[in-house]
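Structural features, examined
Chain by chain, the residues run as shown.
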Amino acid sequence: MKVKTEKDLEQLKTRIQNELGIDVTKYQNEEVAQNFAELIVFPQYVISWVIRPVLIALVLFGIGFFVIDLVHIEFILYAILGLVLFFICGVLFGFLFLTWKMKNDMFGVIEYTLDIMKTSVSDVSLMSSGLTPQNRKEKLSLLFSGIIHIVTIPTFANVIANKVPVVGGFLTGVFKRVMTGVANKIKFTGGEETEQIEEKDEEAQSKLLGSYTKMIDSATNGLEKVLNIAFGIARFPLMTVFIIFLSVLIIFLFLIN
């Protein structure tokens, strides 16, 4: 189920409540998420990864005065337009650089979400609320989508927006796109070995719970590919704008030289 609006989110909550008998909002722990997110979006961490490309761009701009043959009006044009174009390209590449770095750290956020899933599937109400060998993959995907959209995204997005100055809005947007992409693409496989088990006693429930846990663990196997796709989609608009400004800068340097 794809979630794009608040109405979709409410429908997702209702569906999980009706089909799985569980209120996923009870697994929200903003204190834990905040401590975890601070490691990823620590202001100095963010600023350093964005500032480095900007400083490199400004250094290249300065070198241009000695490398490019500038005379009269060309000197003024380069000093004004060149500075603007170098700076914009540096900022845009800085954001791209930051997203590349964030991709590795986002794996921890996904693991955090999967850990919440392991806690939720051990809930007695979930074990007796229509989760069967035939529909377990579908239900686990529904549960994962619910935790992503109802627990992980709102909690972490709030922390990022509050903790990171200047670029917090940008990072929040990337975070939401990536997590939504993961929720839409992740698959749960396995569990065939327990298809004939009926949930009648504690031993059977223990085996089923173990099966569900293994399915959750196995979902991480293709996580890198999923993250690459999700980050690629999230970065595409930024990459497009960067390529445009970089092309303009190259053409400008070619014409003024």
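Residues numbered from 1 in each chain as written. Predicted model: local features only at pLDDT ≥ 70, side-chain atom pairs only at ≥ 80, totals over all residues. Heavy atoms only, no water.

Quick word on the packing of helix α7 (residues 168–185) against helix α9 (residues 223–256)
For clarity, the cut-off: Between N-to-C directions, angles cover 0 to 180 degrees, with each direction set by a line fitted to C-alpha atoms, over the stretch in contact for helices. A run of H or I in DSSP becomes a helix once it reaches four residues, and a run of E becomes a strand once it reaches two; helices and strands are each numbered from the N terminus. Angles below 35 degrees are treated as roughly parallel, those above 145 as roughly antiparallel, those between 65 and 115 as roughly perpendicular, and all remaining angles as oblique. Two helices that cross are described as forming a left-handed crossing if the nearer one is turned anticlockwise from the farther one by less than a right angle, and a right-handed crossing if clockwise. Contacts are assigned to residue pairs that have any heavy atoms within 4.5 Å of one another. Asp, Glu, Lys and Arg are counted as charged, while Ala, Val, Leu, Ile, Met, Phe, Trp, Tyr, Cys and Pro are counted as nonpolar; the rest, among them Gly, fall into the polar class.
For the pair α7 and α9, interaxial distance at closest approach is 9 Å and the crossing angle is 140 degrees. The angle between α7 and α9 falls in the class oblique. When the axes of α7 and α9 are compared, the crossing they make is right-handed. Of the residues in α9, those touching α7 at Phe-170, Val-174, Arg-177, Val-178, Gly-181, Val-182 and Lys-185 are Leu-223, Val-226, Leu-227, Ile-229, Ala-230, Phe-231, Ile-233, Ala-234 and Leu-238. Among the residues forming the contact of α7 with α9, the class breakdown is 13 nonpolar, one polar and two charged.

Points about the environment of Asp-115
We apply this condition: Burial status follows relative accessibility: with a 1.4 Å probe on protein chains alone, a residue under 20% of its type maximum counts as buried, one over 50% as exposed, and anything between as partly exposed.
Assignment of secondary structure puts Asp-115 in helix α4 (residues 73–121). Take Asp-115: its relative accessible area is 44%, and that puts it in the partly exposed class. Separated by 101 residues in sequence, Asp-115 and Ile-216 place their C-alpha atoms 8.9 Å apart.

Structural notes on the side chain of Thr-172
Position of Thr-172 among the secondary structure elements: in helix α7. The buried category is assigned to Thr-172, whose relative accessible area is 11%. Look past the residues within four positions of Thr-172 in its chain and what remains in contact with it is Ala-157, Ile-160 and Ala-161.

Points about the packing of aromatic side chains
The following threshold applies: Ring pairs shown here join Phe, Tyr and Trp side chains whose ring centres sit within 6.5 Å, with only the six-membered ring taken for Trp; geometry is labelled stacked below 30 degrees between planes, edge-to-face above 60, and tilted in between.
Enumeration according to the criterion identifies seven aromatic pairs in this entry. Measuring from centroid to centroid gives 5.2 Å for Phe-65 and Phe-75, while their planes differ by 50 degrees, and the two rings are tilted. Of this pair, Phe-65 sits in helix α3 (residues 43–67) while Phe-75 is found in helix α4, placing the two residues ten residues apart along the sequence. Look at Phe-65 and you get partly exposed, because its relative accessible area is 27%. Each member of the aromatic cluster is reached from another via a ring pair, and the members are Phe-61, Phe-65, Phe-75, Tyr-78 and Phe-86.

Some points on the environment of Ser-145
As for its placement among the helices and strands, Ser-145 is situated in helix α6 (residues 136–163). The buried category is assigned to Ser-145, whose relative accessible area is 4%.

Remarks on α4
Rule in force here: Under the convention used throughout, the expected extent of a helix is 1.5 Å for every residue step, that is, one less than its residue count. Bend at a given residue is defined as the angle between two axes, one fitted to the seven residues that end at that position and one fitted to the seven that begin there.
Over its 49 residues, α4 extends 70 Å from the first C-alpha to the last, a length consistent with the 72 Å expected when each residue adds 1.5 Å. The largest bend along α4 measures about 40 degrees and falls at Asn-104.

Examining the packing of α4 against α7
Contact pair α4 / α7: the axes reach a minimum separation of 11 Å and the direction vectors enclose 50 degrees. One way to sum up the angle between α4 and α7 is to call them oblique. α4 and α7 meet at a crossing whose hand is right-handed. Between α4 and α7, the residues in contact are Phe-95, Leu-98, Thr-99, Met-102, Met-106, Val-109, Ile-110 and Thr-113 and Phe-170, Leu-171, Val-174, Phe-175, Val-178, Met-179 and Val-182, respectively. Grouping the amino acids of the contact of α4 with α7 by side-chain chemistry returns 13 nonpolar, two polar and no charged.

So, α7
Taking 1.5 Å per residue, 18 residues should reach 26 Å; α7 reaches 26 Å between its end C-alpha atoms and fits that length. For α7, the complete set of buried residues consists of Gly-168, Leu-171, Thr-172, Val-174, Phe-175, Val-178, Met-179, Gly-181, Val-182 and Ala-183.

Geometry only, nothing functional implied.
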